[in-house]
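Fold and geometry: a report
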Amino acid sequence: MTPPTAQPTAPAVDSGRDGLRRLLLDTGALEPAWVPAFDAVRRADFLPGVMWPHDMATGSSRTVDKAHAPDAWQRYADSDCPIVTQWDDGAHNGPDPGRSFSSSSSMPSLVFSMLADLDVREGQRVLEIGTGTGWNAALLAHRLGAGNVVTVDVDGVVAATARAALERAGLPVRVLHRDGYPGFPERAPYDRIIVTCGVRDIPYAWVEQTAPGGIVLVPWGTYYGPAEATARLVVAEDGRSASGPFTRPVGFMRMRAQRLVRRQHAAYVPPGAMDRAEVSFTSVPATDLDGFVMGLLVRDVTHVADREREGGRRAVWLYGLSDTSWAVAVFRDGRKKAKVYQSGPRRLWKEAETAHQWWNASGRPGYERFGLTVERDGRARVWLDGPDHLL
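Quick caveat, the model's predicted, so the values are computed rather than measured. (Residues numbered from 1 in each chain as written. Predicted model: local features only at pLDDT ≥ 70, side-chain atom pairs only at ≥ 80, totals over all residues. Heavy atoms only, no water.)

Moving on, we come to the overall build of the chain. Helix and strand counts for the chain come out as 11 helices and 19 strands. On C-alpha atoms alone, the chain measures out to a radius of gyration of 22 Å, which is about the 21 Å that the 2.2 N^0.38 rule sets for 391 residues. Judged by the C-alpha coordinates and their principal axes, the chain covers about 65 × 55 × 40 Å. Looking at the 391 residues of the chain, the share that counts as buried comes to 53%. Counting only contacts in the chain whose residues sit at least 6 apart along the sequence, the fraction spanning at least 24 positions is 60%. When the accessible surface of the chain is totalled, it reaches about 17,200 Å², and 49% of it is carbon and sulfur. For the chain, the centre of its 46 positive side-chain charges and the centre of its 46 negative side-chain charges are spaced 4 Å apart. (Helix = DSSP H or I, 4+ residues; strand = E, 2+ residues; numbered from the N terminus. Rg over C-alpha atoms; globule rule 2.2 N^0.38 Å. Buried < 20%, exposed > 50% of the residue type's maximum accessible area, 1.4 Å probe, protein only. Contact = heavy atoms within 4.5 Å. Areas by Shrake-Rupley, 256 points an atom, 1.4 Å probe, with all protein chains shown as cover. Lys, Arg positive; Asp, Glu negative; His and termini not counted. Charge placed at Lys NZ, Arg CZ, Asp CG, Glu CD.)

The following block contains the structure:
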């Protein structure tokens, strides 16, 4: 599972709340219109006594208990650091980190950057998909009024904890325990919908429940890997579609109903399959196969890169999601080409090489040149340099 957020632009622990405020202002994450909300609504008021700050550089989490280390707890609460607040969908017990994080408090720099992308105006109505700790809903409620914010979370304990924190803060936002995929049509239309979990399938219901000209801000990616980017979708005047560019790279915890359940490796590569596979060689660098953009270009595929082994050997696997096609390239230090094995109805490595050639010929575009259009059939269509240029 991906880190709670992925925007490692700041130190793990800053010099208190004043230091965090300066950092957010200096980096441009905190816009002037959001300063009163930052000053009035403390992140610390929405964090549990035992929490797990996440180190973006190492991918590790540590336990911080307010009862035993109040100063450290406060430093992390006032830092630009993602903090895990729940493991294993609530099944985890004890102070040590669990296996998979399932709820968190995102980095403040990411929270305020996304609120800037949301571009709210006074009096507008907002639906939030993914309540988490409730801090994001509280910031919105401080600026727009609690009656103009609805937030939903699929986890009942998470929703109840956030509801209690919002009430203590004097911001009685309507918090609902429900799946956010269908939205909440009872309070529609909304001027803005903000999604705080990673999705691979954008429901058309979110477009339908947003007023024409409104914004749906959603972290979106493919099953190719964990990389995501926020899509800022503006609903068309006729209300029948929403379209917009990717604004920033992120990495949120996946919407629970959209977690990837992949076949076991043996279902793709049974004993003896390597001996029967088609063999070739590739000069595509392993590093070019990682990341968000390759997921846009090589569809219905998931990508797994093994750790580097003795002698600089590293295997990169591609697995088909609609069938049992597979491919692997074995890279070795000092060699210009990697040996490729592939089998199944599709030639996945050939597809990856074709995508890589197109990417190079197009100037190696980054996420910022791509965008999405979501229409009534529910499909997210990817484009480059404008909606008229679909991939």
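Structure shown, so let's carry the discussion forward.
With mixed pairing, 9 strands are arranged side by side in an open sheet as S8-S7-S6-S9-S10-S11-S12-S18-S19. One side of each edge strand has no neighbouring strand; the edge strands of this open sheet are strand S8 (174-177) and strand S19 (380-384). Neighbour-to-neighbour, the strand axes of this sheet turn through a mean angle of 20 degrees, independent of strand direction. Helix H6 (residues 156-168) rests against strand S7 (149-153) and S8 of the sheet, and its axis sits at about 170 degrees to S8. (Pairing = 2+ DSSP bridges. Axes fitted to C-alpha atoms, helices over the stretch in contact; angles between N-to-C directions.)

The subject of this paragraph is the sheet that holds strand S16 (residues 326-331). In space, the 5 strands of this open sheet follow the order S13-S17-S16-S15-S14, with antiparallel pairing throughout. The strands lining the two open edges of the sheet, one partner per strand, are strand S13 (278-282) and strand S14 (301-305). For this sheet the average axis-to-axis angle between neighbouring strands, irrespective of direction, equals 20 degrees. Where S13 meets strand S17 (residues 338-343), 5 bridges bridge the pair, whose relative direction is antiparallel. Counterpart to Thr-282 in the pairing with S17 is Ala-338.

Tallying each qualifying case throughout the model produces 1 cavity of 30 Å³ or more. Here the largest cavity defines a volume of roughly 40 Å³. Taken together, Gly-221, Thr-222, Tyr-224, Gly-225, Pro-226, Ala-227, Gly-291, Phe-292 and Gly-295 form the lining of the largest cavity. Tallied by class, the residues present in the lining of the largest cavity amount to 4 nonpolar, 5 polar and no charged. (1 Å grid on protein atoms, 1.4 Å probe; cavity = no way out; pocket = protein on both sides within 12 Å on 5 of 7 lines; lining within 4 Å. Points joined across faces, edges and corners; volume = space filled by probe spheres on them. Nonpolar A, V, L, I, M, F, W, Y, C, P; charged D, E, K, R; others polar.)

Bringing the packing of aromatic side chains into the picture now. Inspection of every chain in the model, using the stated rule, returns 9 aromatic pairs. Between the aromatic rings of Tyr-268 and Tyr-319, the centroid separation amounts to 4.8 Å while the plane-to-plane angle is 50 degrees, which identifies the pairing as tilted. Of the two residues, Tyr-268 sits in helix H8 (residues 265-268) while Tyr-319 sits in strand S15 (residues 314-320), which places them 51 residues apart along the sequence. For Tyr-268, a relative accessible area of 4% corresponds to the buried category. Tyr-319 sits in the buried class, given a relative accessible area of 6%. Summarising the aromatic geometry, the rings of Trp-317 and Trp-326 are spaced 6.0 Å apart at their centres and angled 40 degrees between planes, so their arrangement reads as tilted. Cluster of aromatic residues (ring-pair linked, three or more members): Tyr-268, Trp-317, Tyr-319 and Trp-326. Sitting above the plane of the Phe-38 ring, Arg-17 keeps its charged end 4.6 Å from the centroid. Over the ring of Trp-73 we find Lys-66; its NZ or CZ atom is 4.3 Å from the centre of that ring. (Phe/Tyr/Trp six-rings, centres within 6.5 Å; stacked < 30°, edge-to-face > 60°. Lys NZ or Arg CZ within 6 Å of the ring centre and 35° of its normal.)

Moving on, we get to unusual backbone geometry. The phi torsion of most residues other than glycine is negative, and most of the peptide bonds are trans. Cis rather than trans, the peptide bond between Ala-188 and Pro-189 has omega equal to 5 degrees. Structurally, Pro-189 can be placed in the loop between S8 and strand S9 (190-195). If you check the backbone angles, Asp-385 has positive phi at about 60 degrees while not being a glycine. With respect to the element layout, Asp-385 can be found in the segment after S19.

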